[in-house]
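Residue-level structural notes
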Amino acid sequence: MINPNNTAAGFDMLPMHEELVRDRIRTLHREAEEQRIVTGMLRLRRARRDAERASVRLRNALLRLV
């Protein structure tokens, strides 16, 4: 039985396969980082919105005291 890794073409394919795997890993890391950034931005937007709502409630409560 011929093992493709024992042929000249098989030796050429191994580094190519390894590079494809490394490229996929880099892509996954980049996508994960992008997702972390998007998630952080969404949290920040939500926090700002919540702070604005709290500010409005506080302002309304203070106006009722006057």
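Residues numbered from 1 in each chain as written. Predicted model: local features only at pLDDT ≥ 70, side-chain atom pairs only at ≥ 80, totals over all residues. Heavy atoms only, no water.

**Details of a nonpolar patch on the surface**
Nonpolar side chains collect at one region of the surface, where Leu-58, Leu-62, Leu-65 and Val-66 lie side by side and expose about 490 Å² of accessible area between them. Mapped onto the secondary structure, Val-66 falls in the segment after α1 (8-65). (Patch = residues over 30% accessible without salt bridge, like charges linked within 9 Å, V, L, I, M, F, W, Y side chains within 5 Å. Areas by Shrake-Rupley, 256 points an atom, 1.4 Å probe, with all protein chains shown as cover. Salt bridge = Lys/Arg side-chain N within 4 Å of Asp/Glu carboxyl O. Helix = DSSP H or I, 4+ residues; strand = E, 2+ residues; numbered from the N terminus.)

**Let's talk about a positive patch on the surface**
Residues Arg-43, Arg-45, Arg-46 and Arg-49 make up a contiguous surface patch of positive charge. As for its position among the elements, Arg-46 is in helix α1. (Lys, Arg positive; Asp, Glu negative; His and termini not counted. Charge placed at Lys NZ, Arg CZ, Asp CG, Glu CD.)

**Structural notes on the pattern of salt bridges**
Side-chain pairs of opposite charge can arise whenever the charged atoms involved come near each other. If you walk through the whole model with that rule in mind, you get 5 salt bridges. The shortest N-O distance in the salt bridge between Arg-22 and Glu-19 comes to 3.2 Å. Taken together, the residues span about one helical turn, with Arg-22 and Glu-19 both in helix α1 at a distance of 3 residues. Residue Arg-22 is classed as partly exposed on the basis of its relative accessible area, which comes to 40%. Glu-19 gets classed as partly exposed once you look at its relative accessible area, which sits at 35%. Note that Arg-26 and Glu-19 form a salt bridge whose closest N and O atoms lie 2.8 Å from each other. Beyond isolated ion pairs, a larger network of salt bridges with shared partners links Glu-19, Arg-22, Asp-23 and Arg-26. (Buried < 20%, exposed > 50% of the residue type's maximum accessible area, 1.4 Å probe, protein only.)

Purely spatial values, then, with no claim about function.
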